[in-house]
Amino acid sequence: MSFNSRQYEWADVTVIAGGRDLTGIRGVKYSEKIEREAIYAKGRNPHSIQSGNRSIEGELTMLQSELLALESSGGGSILSLSIDVIVNYGDVGSVLRTDKLEGIRFTEAPKELKQGDKNMEITIPFVALNLVNNFNGI
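Keep in mind that this is a model prediction, so the values were computed, not measured.

Regarding the overall build of the protein
Point 1. Counting secondary structure elements, the protein contains 1 helix and 8 strands.
Point 2. What you see in the protein, going N to C, is helices and strands ordered as β-β-β-β-α-β-β-β-β.
Point 3. Relative to its length of 138 residues, the protein is extended, with a C-alpha radius of gyration of 19 Å against a globular reference of 14 Å.
Point 4. Based on the C-alpha atoms only, the size of the protein along its principal axes is roughly 60 × 50 × 35 Å.
Point 5. Out of the 138 residues belonging to the protein, those deemed buried represent 30%.

Here it is as structure tokens:
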């Protein structure tokens, strides 16, 4: 049996935001969280661990041109957008993995440029309604 130990690399990542292939994407980060709390009763040790609310948060890092395109589609501000984001890992001929972030809303619209910078790189934080791991497109 053959085993392929090839890892995903940045060149294998495609990010689609609101139906647009982000060619100026420089980074993507997202995580799924859940509230957990130990429940105590008699004695010193917890009797169980209960779960609470689930949340999805992340960041998209992109070049200024991508931000401007998103701003245009949002009527001048990314803060008014509610979009889905597809993150695809892999290339043709390899195992593909696709995650879908549903109902993304950006929480900030930062811009920063410093002396000596050759381009504007912007990191935009977001929250999402749902994360579908290994999304199959149906």
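Re the packing of aromatic side chains
Point 1. Going through the model one piece at a time under the given rule, you end up with 1 aromatic pair.
Point 2. The interplanar angle of 35° and the centroid separation of 5.7 Å between the aromatic rings of Tyr8 and Tyr89 together place this pair among those described as tilted. In this pair, Tyr8 sits in the segment before β1 (13–17) while Tyr89 sits in strand β5 (residues 83–89), placing the two residues 81 residues apart along the sequence.

Notes on the pairing of strand β7 (residues 121–128)
Point 1. Pairing between strand β4 (residues 46–63) and β7: 8 bridges, direction antiparallel. When the sheet's bridge partners are listed, Ile56 is paired in β7 with Ala128.

Some remarks on the side chain of Thr61
Point 1. The residue Thr61 is located in strand β4 in this model.
Point 2. When neighbours within four sequence positions are excluded, Thr61 is seen to be in contact with Gly24, Ile25, Arg26, Gly27, Glu121, Ile122 and Thr123.

Let's talk about the pattern of salt bridges
Point 1. In this structure the tally under the stated criterion is 9 salt bridges.
Point 2. Across the pair Glu57 and Lys33 runs a salt bridge whose closest N-O atoms are separated by 3.2 Å. Remark: Lys33 occurs in strand β3 (residues 25–40) and Glu57 occurs in strand β4; sequence separation between them is 24 residues.
Point 3. Classification of Lys33 by relative accessible area gives partly exposed; the value is 41%.
Point 4. One continuous salt-bridge network, built from bridges that share partners, spans Asp84, Lys100 and Glu102.

As for the environment of Ser73
Point 1. By the element assignment, Ser73 lies in helix α1 (residues 64–73).
Point 2. Residue Ser73 is classed as exposed on the basis of its relative accessible area, which comes to 53%.
Point 3. Considered as a pair, Ser73 and Glu121 are 48 residues apart in the sequence and their alpha carbons are 19 Å apart.
Point 4. Within the local environment of Ser73, its side chain forms a polar contact with the backbone oxygen of Leu70, the two atoms lying 2.9 Å apart.

Things to note about the environment of Ile39
Point 1. Within the fold, Ile39 resides in strand β3.
Point 2. Sequence separation of Ile39 and Gln50 is 11 residues, and the distance between their C-alpha atoms is 6.8 Å.
Point 3. Filtering out sequence-adjacent residues up to four positions away, Ile39 remains in contact with Pro46, His47, Ser48 and Gln50.

Regarding the nonpolar core
Point 1. Of all hydrophobic cores here, the largest spans 26 residues; its most connected members are Val15, Leu60, Val85, Val87, Leu101, Ile104 and Phe106.
Point 2. Only β1, β3, β4, α1, β5, β6 (97–106) and β7 provide two or more residues apiece to this core.
Point 3. Once residues within four sequence positions are removed from consideration, Val85 is found in contact with Val15, Ile16, Ala17, Asp99, Lys100, Leu101 and Ile104.

Overview of unusual backbone geometry
Point 1. Its identity is not glycine, yet Asn134 carries a phi of approximately 55°, on the positive side.
Point 2. Inspection of the secondary structure assignment puts Asn134 in the segment after β8 (130–132).

Cut-offs used in this document
Residues numbered from 1 in each chain as written. Predicted model: local features only at pLDDT ≥ 70, side-chain atom pairs only at ≥ 80, totals over all residues. Heavy atoms only, no water. Helix = DSSP H or I, 4+ residues; strand = E, 2+ residues; numbered from the N terminus. Rg over C-alpha atoms; globule rule 2.2 N^0.38 Å. Buried < 20%, exposed > 50% of the residue type's maximum accessible area, 1.4 Å probe, protein only. Phe/Tyr/Trp six-rings, centres within 6.5 Å; stacked < 30°, edge-to-face > 60°. Pairing = 2+ DSSP bridges. Contact = heavy atoms within 4.5 Å. Salt bridge = Lys/Arg side-chain N within 4 Å of Asp/Glu carboxyl O. Polar contact = N/O pair within 3.5 Å; in protein donor to acceptor, adjacent residues only side chain to side chain. Core = buried A, V, L, I, M, F, W, Y, C linked by side-chain atoms within 4.5 Å.

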